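# Examining the three-dimensional arrangement
Below are the chains, spelled out letter by letter.
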Amino acid sequence: MALLTGVGRSIGIGAGIARQLAQAGWDVAFTYWTPYDARMAWGIEPDAADSIAGTLAERGAKTVAMEADLAAPETPERVFNEVERRLGRITALVMCHCESVDSGLLDTTLESFDRHFAVNARATWLLIREYGRRFRGPRGTGRVISLTSDHTVGNLPYGASKGALDRITLAAAHELAHLGITANVINPGPVDTGWMSDDVREHILRRTPLERLGTPQDTAHLVAFLCSPQGQWVNGQLLKSNGGFTA
């Protein structure tokens, strides 16, 4: 069974990964946080969680959707308790959640900086810690995967906190090795999930050798491979799955 965080929009990367894992035979629990979407330009997608859960069920997956504020330190334990009660033990932890509000060195507020690190870094640590404490699967079956970004210019608290997420996740590849758990980070590059302007799309296309935008499905294929038995030898890596994009 897989637990995914940050699956709040049907066109998002998290939802794409959830669908791919369900197609591959996984049961899928996922979290979302509508107050974050409400603060963003795209707004709340009505009934997104029910729609995503319905799609997963159509693919044969048992599923649980939970609203969860990952800025709260007690949330990871609560999520694991509820998911284990309803679906059983978690084998794969896939973290797609984020706080991402554009601001730079001079205009980032303390509140925004702290929120980014609470969600992107601290919650990642607490989720991995909770997973490691509870994991009881056969050796070699455990998976931890985080999504990251290297975008920092004009997006300082996001990029800095994602850099911390990288280090936390890669540490798990070694510190959880005695449990037979692999841990990897994926940098999907810029993925068009409805946030790009025409100028941004043009900029990305000029800098991508394959001359197309990334999609949630591109990331989902890699996550599904890493979660499969065939992906168990990939461990402790920061993998770029971005079509060769250069900033």
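Heads up: these notes are all about the structure in this document. (Residues numbered from 1 in each chain as written. Predicted model: local features only at pLDDT ≥ 70, side-chain atom pairs only at ≥ 80, totals over all residues. Heavy atoms only, no water.)

## Points about the sheet that holds strand 3 (residues 63-67)
Strands belonging to one sheet form pairs held by backbone hydrogen bonds; the direction of such a pair is parallel or antiparallel. Pairing in this open sheet of 7 strands is parallel, and the strands run 3-2-1-4-5-6-7 from one edge to the other. Two strands bound the open sheet, and with one partner strand each, they are strand 3 and strand 7 (238-240). This sheet shows a mean twist of 15° between the axes of neighbouring strands, independent of strand direction. Relative to strand 6 (residues 181-187), strand 5 (residues 142-147) runs parallel, the two being bridged by 6 bridges. The residue of strand 6 that forms the bridge with Val144 is Ala183. The strands that helix 1 (residues 13-23) touches are strand 1 (2-5), strand 2 (28-32), strand 4 (92-95) and strand 5; relative to strand 1, the one it contacts most, it runs at about 170°. (Pairing = 2+ DSSP bridges. Helix = DSSP H or I, 4+ residues; strand = E, 2+ residues; numbered from the N terminus. Axes fitted to C-alpha atoms, helices over the stretch in contact; angles between N-to-C directions. Contact = heavy atoms within 4.5 Å.)

## Observations concerning the pairing of strand 6
Burial within strand 6 is extensive, with 7 of its 7 residues counted as buried. Neither face of strand 6 is left uncovered, since the one carrying Ile181, Ala183, Val185 and Asn187 and the one carrying Thr182, Asn184 and Ile186 both have all their residues buried. With respect to chirality, the unit in which strand 5 leads through helix 6 (residues 156-175) into the neighbouring parallel strand 6 is right-handed. Relative to strand 7, strand 6 runs parallel, the two sharing 3 bridges. Each residue of the ladder has a partner; that of Val185, found in strand 7, is Leu238. (Buried < 20%, exposed > 50% of the residue type's maximum accessible area, 1.4 Å probe, protein only. Right-handed = clockwise from strand over helix to strand, strands pointing away.)

## Brief notes about helix 4 (residues 75-87)
An ideal rise of 1.5 Å per residue puts 18 Å on 13 residues; helix 4 measures up with 18 Å between its terminal C-alpha atoms. For helix 4, the complete set of buried residues consists of Thr75, Pro76, Val79, Phe80 and Val83. Down the axis of helix 4, the buried set is contained in an arc of 130°. They therefore lie on one face. The inward-facing, buried residues of helix 4 abut strand 1, strand 2, strand 3 and helix 5 (110-134). (Expected span 1.5 Å × (residues − 1). Arc of directions from axis to C-beta.)

## Points about helix 6
Counted at 1.5 Å a residue, the expected span for helix 6 with its 20 residues is 28 Å, and the 29 Å between its end C-alpha atoms agrees. Of the residues making up helix 6, those classed as buried are Pro157, Tyr158, Gly159, Ser161, Lys162, Leu165, Asp166, Thr169, Leu170, Ala172 and Ala173. If you follow the buried residues of helix 6, they end up packed against helix 5, strand 5, strand 6 and strand 7.

## Looking at the packing of aromatic side chains
Applying the stated criterion across every chain yields a total of 3 aromatic pairs. With a centroid separation of 5.5 Å and an interplanar angle of 40°, the aromatic rings of Tyr131 and Phe135 are classed as tilted. When the ring centre of Trp42 is taken as reference, the NZ or CZ atom of Arg9 above it lies at 4.4 Å. (Phe/Tyr/Trp six-rings, centres within 6.5 Å; stacked < 30°, edge-to-face > 60°. Lys NZ or Arg CZ within 6 Å of the ring centre and 35° of its normal.)

## Some details on the side chain of Thr169
Within the fold, Thr169 resides in helix 6. Look at Thr169 and you get buried, because its relative accessible area is 0%. There is a polar contact of 2.8 Å between the side chain of Thr169 and the side chain of Ser146. (Polar contact = N/O pair within 3.5 Å; in protein donor to acceptor, adjacent residues only side chain to side chain.)

## A look at the pairing of strand 4
Alternating residues of strand 4 divide into Ala92 and Val94 and Leu93 and Met95, and every residue in both groups is buried. Sheet topology places strand 1 next to strand 4; 4 bridges connect them, and they run parallel. Bridge pairing in strand 4 links Thr5 to Met95. At this point the chain moves from strand 4, through helix 5, to the parallel strand 5, and the crossover so formed is right-handed.

## Notes on the environment of Gly137
As for its placement among the helices and strands, Gly137 is situated in the loop between helix 5 and strand 5. Each C-alpha atom of the pair Gly137 and Ile90 lies 8.5 Å from the other, and the pair is 47 residues apart in sequence.

## Thoughts on the nonpolar core
In terms of nonpolar packing, the biggest core is built from 31 residues, with Leu4, Ile17, Leu21, Phe30, Leu56, Val94 and Cys227 touching the most fellow members. Counting only elements with at least two residues in this core, the list comes to strand 1, helix 1, strand 2, helix 3 (48-58), strand 4, strand 5 and helix 8 (216-227). Excluding residues within four positions of it along the chain, Cys227 makes contact with Leu21, Trp26, Ala92, Val94, Arg143 and Ile145. Val64, Phe80, Ala123 and Tyr131 belong to the second-largest nonpolar core, a separate cluster that totals 24 residues. (Core = buried A, V, L, I, M, F, W, Y, C linked by side-chain atoms within 4.5 Å.)

## A few points about the environment of Asp47
Structurally, Asp47 is set in the loop between helix 2 (34-39) and helix 3. When the C-alpha atoms of Asp47 and Arg9 are compared, they prove to be 9.4 Å apart, with 38 residues separating the residues in sequence.

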